[in-house]
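Geometric and topological summary
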Number of protein chains: 4
Amino acid sequence: MRPAFRNAYFNLSRSLNPNPTKLSLPPFSLHTFPTFSTSLPPTFRTFRLTAETFRPLSPSRTCCSYSPMAEGEAHAPPTSFPSLEKQFEVFRVQLEDSGILREHIRAVVMEIESTTRLIHANLLLVHQSRPTPELLEKAKAQVGVLKDLYNKLAVVLSECPGQYYRYHGDWRSETQTVVSLLAFMHWLETGTLLLHSEAEEMLGLNNSEFGLDIEDYLVGICFMSNELPRYVVNQVTAGDYDCPRKVLKFLTDLHAAFRMLNLRNDFLRKKFDGMKYDLRRVEEVYYDVKIRGLATTSDAIGEQGIEGQS
Amino acid sequence: MRPAFRNAYFNLSRSLNPNPTKLSLPPFSLHTFPTFSTSLPPTFRTFRLTAETFRPLSPSRTCCSYSPMAEGEAHAPPTSFPSLEKQFEVFRVQLEDSGILREHIRAVVMEIESTTRLIHANLLLVHQSRPTPELLEKAKAQVGVLKDLYNKLAVVLSECPGQYYRYHGDWRSETQTVVSLLAFMHWLETGTLLLHSEAEEMLGLNNSEFGLDIEDYLVGICFMSNELPRYVVNQVTAGDYDCPRKVLKFLTDLHAAFRMLNLRNDFLRKKFDGMKYDLRRVEEVYYDVKIRGLATTSDAIGEQGIEGQS
Amino acid sequence: MRPAFRNAYFNLSRSLNPNPTKLSLPPFSLHTFPTFSTSLPPTFRTFRLTAETFRPLSPSRTCCSYSPMAEGEAHAPPTSFPSLEKQFEVFRVQLEDSGILREHIRAVVMEIESTTRLIHANLLLVHQSRPTPELLEKAKAQVGVLKDLYNKLAVVLSECPGQYYRYHGDWRSETQTVVSLLAFMHWLETGTLLLHSEAEEMLGLNNSEFGLDIEDYLVGICFMSNELPRYVVNQVTAGDYDCPRKVLKFLTDLHAAFRMLNLRNDFLRKKFDGMKYDLRRVEEVYYDVKIRGLATTSDAIGEQGIEGQS
Amino acid sequence: MRPAFRNAYFNLSRSLNPNPTKLSLPPFSLHTFPTFSTSLPPTFRTFRLTAETFRPLSPSRTCCSYSPMAEGEAHAPPTSFPSLEKQFEVFRVQLEDSGILREHIRAVVMEIESTTRLIHANLLLVHQSRPTPELLEKAKAQVGVLKDLYNKLAVVLSECPGQYYRYHGDWRSETQTVVSLLAFMHWLETGTLLLHSEAEEMLGLNNSEFGLDIEDYLVGICFMSNELPRYVVNQVTAGDYDCPRKVLKFLTDLHAAFRMLNLRNDFLRKKFDGMKYDLRRVEEVYYDVKIRGLATTSDAIGEQGIEGQS
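- As named in an unreviewed UniProt entry, chain A is Translin, taken from Lithocarpus litseifolius.
- Within the UniProt record for chain A, the comment given under Sequence similarities (unreviewed entry) is "Belongs to the translin family."

Written out as structure tokens, the structure reads:
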């Protein structure tokens, strides 16, 4: 699928569709404005209607891909309307639609950020005492909210097929934080890394066209790694002398796995470089514990997660 | 189409899929490498082969979406391979594929940049003398080269449907320059603005999934505007006292058309702000010509272009 | 009126009200949420409802000034709830309310910006030809839209009495542009400066608690001044040799008036400094016209405005 | 209450109003100075007289809202005085009044800053030895001075109702420091967080229209947090091995409470981000003490404050 702006400007994109059965459907039947408005939560509908007060929308116009002017042009002699103005009118509509789409994205992202804050505040309690199932249960309850919000985001983006990366910057930072929290929760529960597929599963993205970008996932994992030295220090303080060993094993494997990657993304590379310091700090804590004879000699690390292991 | 990284991971997931019916489907039939190589122009095939010398590709592997591990895994028990390492191996392949794709893009973009430089050097001559058809003819000859290069780029990108905007930053700056040159040439010839559709036509993008981003087009037009004050000054110096009036009319219309747009893109907005100074400078030149009684009183601006008018 | 955050945290502010009749009214009867939602356009209502899905609002809670916790506290023993958490819960609600208010402001400001763009694009045409009544009529039609939008903004702000300057930064830049356009229109029509009171009248702010900040007005006037040299150049080019004299007189008076002010506001001072260059440029144009014997000797400047004078 | 600059201009506009029926109304009945001045506390009247030594004020002129010109004008024909000059004369007076108000604020803020420096210098001694009641007693004595100064500031601001946030930037930085010191003192004495209401109580702001901005309070609390790692290090050095545990508990609760807030204020968010490092540092000190078996096993943290606990 080519970028959606093409659709707007060139109604010939319709005829490019290789599937002939689609040509007999009313144009843009899947993405027409009415469908959009009814499938969206009330907030969006209203927002859309406000936008309409400034510019009437033809019923078959999709959010960011169709211009009524192009339609009209087919019936009017092209020479009657200066092409410069006509083109900029199309652009104006498209840029406005793109702006409206960004507002929709922004609204959902603000809700994601808000939910993330609740999960974070809750998870921070693991630094004070050992994580309890109730604490994780509370956090998990919010994951359902996140799932709904990512579904909302996927719906918004589904209006503009092929433009995931056009608007990616608008949700990537929040998504990285979401991954870090999900991964920390998962690690507390199972002692293992939350996989990309598992993160998508938790966020309900596995059946969707809207996926979790791999680099966002990796940055989120780096953020989780940053939390581990502090966790180890606090667990040792609380008397869990076996924690450093377990964390060290996990972090070493994780670091080695990252090492395999050819990271060209500057931000991800920088975050990964920070993981080295996390690893070093955990090693030092393990050393402190060992040299004082505080560590247990057990080496068995089961599947029951961190909280049940100590 | 969902982002292609999904393909990579999901192709893996497919083989991990407990549902055996999916395994009987021909794997990756739409994106297999053979199709890719046969559909490419000779030059590209060679490039591809070069890329292969770095990392052998299995015949059924697509450029940025397939991992051989997934294939092997279908026959091996999933528990025999730690999921952490397995996932990072998939990532490694994907990031490497993405890196290779970027190299392909980069190679084409360097050729575009090189061709653009030739056109630019040629077009600069209009500042010294009146533009002649030969001068434009030379520049136009290079446009054919550009067209081939954009076709190459489109082919490279066609491997990764829905990821136009993922790699967009890799060619956008050069494309903006290309647009500015094409638009300047077009204006010299016709006295009118090169439309977005005409720019796509010139670059052979009108039948392709790979389009010209509107903001890139608009930035290119701003760049062209930056060239006009200098052109006007030099034309007046060369004795063409009617040039300021014609350029002023063109630039005023263009500026007014831009004014209607809600520019949220910071770079584009900044470039547009610069157009105001171009306009002012041309107005000042027109003022100088007028106040000295040098301007002709003719008001007819035909369709025969700038070069034929003076 | 004290800052509204006081109301939220201290229900004692109610008892501070010197007007005893107000104490017998149901608390916050003027600013309760139901009133707010019914007096607002649909967009806001929906937005508010979305916010509610995260946090139930008590019926008597105002947008940014009341916390249900404070209420509950009156009935519950204060020692039963840790004061730290309680306080931060109040803050959380207040900061969220403040955020919602900012969203409301932002939505209106975006509409103001959009309307301003239309007026600007229309007014730019005066640089091409002499201003015609139709052109001004078109622009004036949009002023009605602006008036409605400022009324909307005033309604939003009326929810938070005494906090005009808390959120002032959220609309000040757009308002400065609005003033510059209104003042330019007014000058084109009457040849005189749009007064502060007239600007408020045009924006429907004269009967409202929500006024036009003087410094915003002054910055807007500076922006209008920046437009005048260009106007003069274009008018002379078009053959109106009397325009420089009239503009010069206007600008000289304006500059002299500004000179009287003790400007401590850095931005305003900088903008005013720019006015000196506008003045100088207009003087130069007037000089060019005079020295060539193009200026008329007429010195009468009537009340009929610029467009009717030449 | 509308911004006070409105009063100034609108009182003027009233007398400028060509509608003679308005002129027969008692002028300025709602905003006249006599009513205003009798409602002021005695201190302010004195302060007012001091201000007058700089610039004689007509008896009916308020600090930032009234121009004597308006009065005189009521008796003169409006056409005899050009509106442009008249308006700027009003502005001149208003900007001058605003400047004088800022000078008043500045004078008080400098005294606040001076008193704060004394308290700070005194409190710094807690890093060298254990805090003694005498040390806190000395600091508390200065709090009375601060209270008087904030009362002065409140009186100055009471002249301009609804403009708290217009001048807020003039005292916010100093107030943040004041809060940090008060909170540190309070914590040393009680081991608990100084609440917003308690801070206002200490500064005598609880019965005033002039309150303590919540974000200023929160920034002040962040500043206090920055002091704690140093305090802990010095206390452990001095042999108080139980201090880290107590501080850690306090800081963890504080950090978790902050986590719930949706911080849009960039400065506050940045300061809060710094709190994480304070927390981490205190955790590290606690870890050092624990791993060496130096920490006491006591877990009781009473209400008697930090100084009495060790």
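And the narrative resumes.
Notes on the side chain of B:Asp240
All names here are of chain B.
- Here Asp240 is to be found in the loop between α10 (214–237) and α11 (243–259).
- The side chain of Asp240 sits in the buried core without any salt bridge; Lys246 is the nearest counter-charge, 4.8 Å away.
- Within the local environment of Asp240, its side chain forms a polar contact with the backbone nitrogen of Asp242, the two atoms lying 3.1 Å apart.
- A distance of 3.2 Å separates the side chain of Asp240 from the backbone nitrogen of Cys243, its partner in a polar contact.

Describing the interface of chain D and chain C
- Each partner contributes residues to the interface: chain D has 51 residues there, and chain C has 51 residues.
- In total, about 4600 Å² of surface goes out of reach between chain D and chain C, with carbon and sulfur atoms giving 68% of it.
- When the buried area of chain D at its contact with chain C is split by residue, D:Phe88, D:Leu95 and D:Tyr165 rank highest and sum to 15% of it.
- For the pair chain D and chain C, the number of links is three salt bridges.
- With a shortest N-O distance of 3.8 Å, D:Arg264 and C:Glu103 are connected by a salt bridge.
- Looking at the side of chain D that touches chain C, the elements with two or more residues in it are α1 (4–16), α6 (83–123), α8 (164–167), α10 (196–202), α11 (214–237) and α12 (243–259) of chain D.
- Broken down by element, the side of chain D that touches chain C gets its largest block of residues, 10 residues, from α6(D).

A few points about the environment of B:Glu111
All names here are of chain B.
- As for its position among the elements, Glu111 is in helix α5 (residues 83–123).
- Linking Glu111 and Leu228, residues 117 residues apart in sequence, is a C-alpha distance of 27 Å.
- Excluding its chain neighbours within four sequence positions, the residues that come into contact with Glu111 are Leu149 and Lys152.

Some details on the relation of the copies chain B and chain A
- At an RMSD of 0.1 Å, chain B and chain A line up after a rotation of 180° and a shift of 0.1 Å along the axis. Viewed as a symmetry operation, the transformation between the two copies matches a two-fold axis. Judged by C-alpha distance, B:Gly162 is the residue of chain B that lies nearest the rotation axis, at 1.9 Å.

Structural notes on the packing of helix α12 (residues 214–237) of chain A against helix α13 (residues 266–291) of chain D
- Orientation of α12(A) relative to α13(D), taken along the N-to-C sense of each, is 35°, at an axis distance of 9 Å. For the pair α12(A) and α13(D), the crossing hand works out as left-handed. Residues A:Asn226, A:Glu227, A:Arg230, A:Val233, A:Asn234, A:Val236 and A:Thr237 of α12(A) lie in contact with α13(D), whose contacting residues are D:Leu279, D:Arg280, D:Glu283, D:Glu284, D:Tyr286, D:Tyr287, D:Lys290 and D:Ile291.
- A per-class count over the contact of α12(A) with α13(D) returns six nonpolar, three polar and six charged.

Section: the relation of the copies chain D and chain C
- The two copies are related by a screw motion: chain D maps onto chain C through a turn of 180° and a shift of 0.0 Å along the axis, at an RMSD of 0.1 Å.
- Of the residues that chain D buries at the interface, 96% are likewise interface residues in chain C, meaning the two copies contact each other through the same surface.

Remarks on the interface of chain B and chain A
- Taken together, the contacts link 50 residues of chain B with 50 residues of chain A.
- Of the roughly 4600 Å² buried where chain B meets chain A, counting both sides, 67% is carbon and sulfur surface.
- Considering only the surface of chain B that becomes buried against chain A, B:Phe88, B:Leu95 and B:Tyr165 emerge as the three largest contributors, covering 15% of it.
- Across the contact surface, chain B and chain A share four salt bridges.
- When contributions to the side of chain B that touches chain A are tallied by element, the ones reaching two or more residues are α1 (4–16), α5, α7 (164–167), α9 (196–202), α10 and α11 of chain B.
- A total of 10 residues in the side of chain B that touches chain A trace back to one element, the largest contributor, which is α5(B).
- Counted by class, the side of chain B that touches chain A contains 26 nonpolar, 13 polar and 11 charged residues.

Here's the deal with the packing of aromatic side chains
- Summed over all chains, the structure comprises 48 aromatic pairs over all chains.
- With a centroid separation of 5.5 Å and an interplanar angle of 70°, the aromatic rings of A:Tyr217 and B:Phe91 are classed as edge-to-face. Here the residue A:Tyr217 occupies a position in helix α12, and B:Phe91 occupies one in helix α5, the pair thus bridging two chains.
- What links up through ring pairs into an aromatic cluster is the set A:Phe88, A:Phe91, B:Tyr217, B:Phe258 and B:Phe272.

Some points on the pattern of salt bridges
Residue and element names in this part refer to chain A.
- What the rule picks out here adds up to 67 salt bridges over all chains.
- Across the pair Arg102 and Asp170 runs a salt bridge, and its minimum N-O distance is 2.8 Å. Residue Arg102 is found in helix α7 (residues 83–123), and its partner Asp170 is found in the loop between α9 (164–167) and α10 (172–190); the two are separated by 68 residues along the sequence.
- Overall, the relative accessible area of 29% leaves Arg102 in the partly exposed class.

The rules behind these values
Residues numbered from 1 in each chain as written. Chains lettered and ligands numbered in written order. Predicted model: local features only at pLDDT ≥ 70, side-chain atom pairs only at ≥ 80, totals over all residues. Heavy atoms only, no water. UniProt positions renumbered as here; feature names shortened; annotations may be inferred. Helix = DSSP H or I, 4+ residues; strand = E, 2+ residues; numbered from the N terminus. Buried < 20%, exposed > 50% of the residue type's maximum accessible area, 1.4 Å probe, protein only. Lys, Arg positive; Asp, Glu negative; His and termini not counted. Salt bridge = Lys/Arg side-chain N within 4 Å of Asp/Glu carboxyl O. Polar contact = N/O pair within 3.5 Å; in protein donor to acceptor, adjacent residues only side chain to side chain. Contact = heavy atoms within 4.5 Å. Buried area = accessible area lost by both parts, 1.4 Å probe. Least-squares fit on C-alpha atoms with pLDDT ≥ 70 in both. Axes fitted to C-alpha atoms, helices over the stretch in contact; angles between N-to-C directions. Left-handed = near helix turned anticlockwise from the far one by under 90°. Nonpolar A, V, L, I, M, F, W, Y, C, P; charged D, E, K, R; others polar. Phe/Tyr/Trp six-rings, centres within 6.5 Å; stacked < 30°, edge-to-face > 60°.

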